[in-house]
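Here is how the chains run, residue by residue.
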Amino acid sequence: MKLLGAIVAGGKATRFGSDKAYARHKGRRLIDHVGAALAAQCSGLVVCGRAEEGFDCIADLPEDGLGPLGGLNAALHFARINGFDRVLSSGCDTPNLPDNLAQALAGEGPAIVQDQPIVGLWPASLAPRLDIFIRDGGRALYGFTESVNARQIAIDPPLMNVNRPSDLES
Ligand SMILES: Nc1nc2c(ncn2[C@@H]2O[C@H](COP(=O)(O)OP(=O)(O)OP(=O)(O)O)[C@@H](O)[C@H]2O)c(=O)[nH]1
């Protein structure tokens, strides 16, 4: 199985107040924590959304401003065009991804981490389904995961998710 790692990085970070990707946790940028964890278990890695220094970056599809689904859609299309079977996705704001994330999510069809729907394992063949979902006005990750019967997997310890500066203090 050829696996593409995809860091979904965009949006406004209104709660955080600045680009979360560059915020520091344990001496490293959040995006570098995520990148290292995904690179260790994938054969390719892209950032979807903003151009982030030090990474191969692709633009949201079909356009910017649609939320994380636009980034996931870009990743699924990039995977299909470039011969990847699946996408292992995460936001740029979950710095403690486990090294066995792909294994934990493996199985039939798509799977997401419980309470973190942008962290998931997706067949690249879902790209046309996500195109249609977005075209029909869908913007919510959970709406899409329900429409494709994504499995929800509990991860222990739970993923850290940075939304506010105070989330970095714990
Ligand atoms: N590519 C892309 N990523 C996005 C977009 N909106 C949010 N994200 C990413 O999706 C993940 C979850 O984002 P949220 O925390 O829900 O939204 P946010 O815009 O970062 O923050 P808030 O404005 O505080 O809700 C983060 O990694 C964001 O960088 C978008 O429009 N495009």
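Residues numbered from 1 in each chain as written. Predicted model: local features only at pLDDT ≥ 70, side-chain atom pairs only at ≥ 80, totals over all residues.

The protein chain carries the name Molybdenum cofactor guanylyltransferase in an unreviewed UniProt entry, which gives Altererythrobacter rubellus as its organism.

A description of helix α1 (residues 30-39) should follow, citing residues and the corresponding values.
Most of α1 sits inside the fold, with 7 of its 10 residues counted as buried. Residues of α1 that are buried in the fold lie against β1 (3-9), β2 (24-25), β3 (28-29), β4 (44-49), β6 (86-91) and α3 (101-105). (Buried ≥ 20, exposed ≤ 12 C-beta atoms within 10 Å, placed from the backbone. Helix = DSSP H or I, 4+ residues; strand = E, 2+ residues; numbered from the N terminus. Contact = placed C-beta atoms within 7 Å.)

Talk me through the environment of I134; I want residue IDs and the actual numbers.
Structurally, the position occupied by I134 is in helix α4 (residues 127-135). When the C-alpha positions of I134 and A111 are compared, they lie 19 Å apart, and in sequence the two are 23 residues distant.

If you had to explain the UniProt feature "domain: MobA-like NTP transferase" (unreviewed entry) in the protein chain to someone new, which residues and values would you point to?
Taking the numbering used here, the UniProt-annotated feature "domain: MobA-like NTP transferase" (unreviewed entry) corresponds to residues 5-135. Taken end to end, residues 5-135 is 29% helix and 26% strand, and its first and last C-alpha atoms sit 25 Å apart. (UniProt positions renumbered as here; feature names shortened; annotations may be inferred.)

Residues and numbers for the sheet that holds strand β7 (residues 111-113), please.
On the basis of which strands lie adjacent, the open sheet formed by 7 strands has the order β5-β4-β1-β6-β8-β7-β9 and mixed pairing. Of all the strands in the sheet, just β5 (57-58) and β9 (151-153) have a single pairing partner and so form its edges. Two elements, β7 and strand β8 (residues 116-123), share 3 bridges in a ladder whose sense is antiparallel. Bridge pairing links I112 to G120 in β8. Lying over the sheet, α1 contacts β1, β4 and β6, oriented at roughly 165° with respect to β1. The strands touched by helix α2 (residues 68-81) within the sheet are β1, β4, β5, β6 and β8, with β1 carrying the most contacts at an inclination of about 155°. (Pairing = 2+ DSSP bridges. Axes fitted to C-alpha atoms, helices over the stretch in contact; angles between N-to-C directions.)

So, the site of the ligand: which residues are in play, and what are the values?
Surveying the vicinity of the ligand reveals 24 residues, the closest of which are G10, G11, G49, G71 and G91. The set of elements that each furnish at least two residues to the shell around the ligand consists of β1, β4 and α2. A per-element tally of the shell around the ligand places α2 first, with 3 residues. (Near = placed C-beta within 6 Å.)

Can you tell me about the environment of A21, naming the residues and giving the values?
Mapped onto the fold, A21 is located in the loop between β1 and β2. Sequence separation of A21 and A51 is 30 residues, and the distance between their C-alpha atoms is 11 Å. Each residue touching A21, except ones within four places of it in the same chain, is listed here: A9, R29, L30, I31, E52 and C92.

So what's going on with the nonpolar core? Which residues, and what values?
Counting 47 residues, the largest nonpolar core has L4, I7, C48, A75, L76 and V87 as the members making the most contacts within it. When residues no more than four places from it in sequence are discounted, the contact partners of C48 are A6, I7, V8, A9, I58, D60, G71, A74 and A75. (Core = buried A, V, L, I, M, F, W, Y, C linked by C-beta atoms within 7 Å.)

Tell me what's going on with the pairing of β8, and back it up with residues and numbers.
The side chains of a regular strand alternate between both faces of the sheet. Taken across its 8 residues, β8 has 7 buried, putting it largely inside the fold. Pairing geometry for β6 and β8, over 4 bridges, is antiparallel. Within β8, the position partnered with S89 by the bridge is G120. In sequence, β7 turns back onto β8 through a hairpin of 2 residues, with D115 there showing a positive phi of about 70°.

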